[in-house]
Amino acid sequence: MSKRILIIEDEDSIRDILSYSLSKEGFIIHQAASGSEGLQWMERERPDLVLLDLMLPDISGFDICKRLSVQWKIPVIMITAKSDMLDKVLGMELGADDYITKPFDIREVVARIRAIFRRIDLISETVEKKAFDVVRLGRHIEIRKDEREVLKDGERAGLTNKEYDLLLFLAANQHKVFTRSELLDKVWGFEFAGDTRTVDIHVQRIRKKLDRDDSEMSIIETVFGVGYKLNAPVQS
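Given the structure is predicted, the values throughout are model-derived calculations rather than measurements.

Enquirer: Looking at this structure, how should I read the pattern of salt bridges?
Expert: Proximity of charged atoms lets side chains of opposite charge pair with each other. Following the criterion strictly, the structure yields 20 salt bridges and no others. The salt bridge partner of Glu25 is Arg114, with a shortest N-O separation of 3.1 Å. Of this pair, Glu25 sits in the loop between helix H1 (12-24) and strand E2 (28-32) while Arg114 sits in helix H5 (residues 106-128), and the two are 89 residues apart along the sequence. For Glu25, a relative accessible area of 39% corresponds to the partly exposed category. With a closest N to O distance of 3.0 Å, Glu43 and Arg67 form a salt bridge. Placement of the pair is Glu43 in helix H2 (residues 35-44) and Arg67 in helix H3 (residues 61-72), with a sequence separation of 24 residues. Taking relative accessible area as the criterion, Arg67 reaches 33% and is therefore assigned partly exposed. Ionic contacts of the salt-bridge type, sharing partners, join the residues Glu9, Glu11, Asp53 and Lys102 into one network.

Enquirer: Help me understand the environment of Asp153 in this model?
Expert: Here Asp153 is to be found in the loop between strand E8 (149-152) and strand E9 (155-156). C-alpha separation for the pair Asp153 and Arg139, spaced 14 residues apart in sequence, amounts to 8.3 Å. Here Asp153 is in contact with His140 and Arg212, once residues within four sequence places are set aside.

Enquirer: Looking at this model, I keep getting lost on helix H6 (residues 161-172). Mind explaining?
Expert: For the α-helix, the turn length of 3.6 residues means that residues three or four positions removed from each other point alike. Counted at 1.5 Å a residue, the expected span for H6 with its 12 residues is 16 Å, and the 17 Å between its end C-alpha atoms agrees. In terms of burial, H6 is largely enclosed, as 12 of its 12 residues are buried. Restricting attention to buried positions, one finds in H6 the residues Asn161, Lys162, Glu163, Tyr164, Asp165, Leu166, Leu167, Leu168, Phe169, Leu170, Ala171 and Ala172.

Enquirer: Help me understand the packing of aromatic side chains, please; the structure alone is not making it clear to me.
Expert: In this description, a pair of aromatic rings is defined by centroid distance and the angle of the planes. By the definition in use, this model includes two aromatic pairs. An angle of 40° between the planes, with centres 6.2 Å apart, marks the rings of Phe27 and Phe117 as tilted. Residue Phe27 is found in the loop between H1 and E2, and its partner Phe117 is found in helix H5; the two are separated by 90 residues along the sequence. Note on Phe27: relative accessible area 8%, which makes it buried.

Parameters at a glance
- One numbering rule holds for all chains: residues counted from 1, following each sequence as written.
- Local features are withheld for residues below a pLDDT of 70 in this predicted model, meaning they are given only at 70 or higher, and side-chain atom pairs are given and counted only at 80 or more; totals for whole chains, interfaces and linings count all residues.
- Just so you know, side-chain values use all the structure's heavy atoms and leave hydrogens and water out.
- Whenever a carboxyl oxygen of Asp or Glu lies within 4 Å of a side-chain nitrogen of Lys or Arg, that contact is scored as a salt bridge.
- Helix numbering and strand numbering both begin at the N terminus, where a helix is a DSSP run of H or I of at least 4 residues and a strand a DSSP run of E of at least 2.
- Summary of the burial criterion: residues with accessible area below 20% of their type's maximum are buried, those above 50% are exposed, and those between are partly exposed, where the area comes from a 1.4 Å probe applied to protein chains only.
- By definition, residues are in contact when any of their heavy atoms lie within 4.5 Å.
- Take the residue count of a helix, subtract one, and multiply by 1.5 Å to get its expected span.
- Side-chain rings of Phe, Tyr and Trp, where Trp is taken by its six-membered ring, are said to pair if the distance between their centres is within 6.5 Å; with planes under 30 degrees apart they count as stacked, over 60 as edge-to-face, and otherwise as tilted.

Below, the structure is given as C-alpha cells:
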C-alpha cells in the first residue's frame, strides 16, 4: 500500500516541487499551506509521515512538531531555511525524526523518507517476533503497540513518537546494553551531527514520565561508560 505524506509548507514553489516529485516516487501526497490547515487535515486523516516547514505564517513549526509527535505519533521531517544547530537540536528534542535545510536536493528528501519508513518497519518486525500486542514492563507500565501508546498505572503517559520508539526498541532487546551511537543508528537512523545528547534527553524524559516516585530504580538503566539498557522485566 502506498504511503501517505502530508506536506505543511507555505511556499507554493517548494510545496509544488515536493508534491510533484514525491508523487512520481509512488507516495500519496496531501498539501497544507499553513499550520492551521495542516492541523485541520490531521484531525480528519492520519498520514504516514509529515514534511513540516519550520517557519510558517501562523503557527510555529516547533509547536506543530510537538503536537504531531505526542497526539498522533506521526514521523516528522522538518524542512527549514535555517541552518542553526540550536534549531536542529530543538526540533529533534520535540520529536522530529529528521531535519532538512533549504535549499535541498529532492533525491535527499526521498532517501530520508524511505530511510524513516525502513527503520519503522525494522523496529516493527523486531517487536512482532515477540508475538504480542501489549508489552508490560514490570507491574505498572504497558506499551500498547496497536495504539502506539504507553500507560503508567492505567493512565496515558504522553510519550512523544520518538520516546515511544526508543522505549519499544529497548523492550524488544531487554537484556542488551546499547551505546548512544547505536541507539541513534537503530532508533533515529542517522548520525546526529556527532552529538549524542539527544539520546540522553529522550532517556531523561522517559524516566520523568514513567519512573515511580516510590522506586529507587529507573525504568532505563545507565550503564556507565557504555550506554543504556531497559531496567524492567518484560511480560506479554
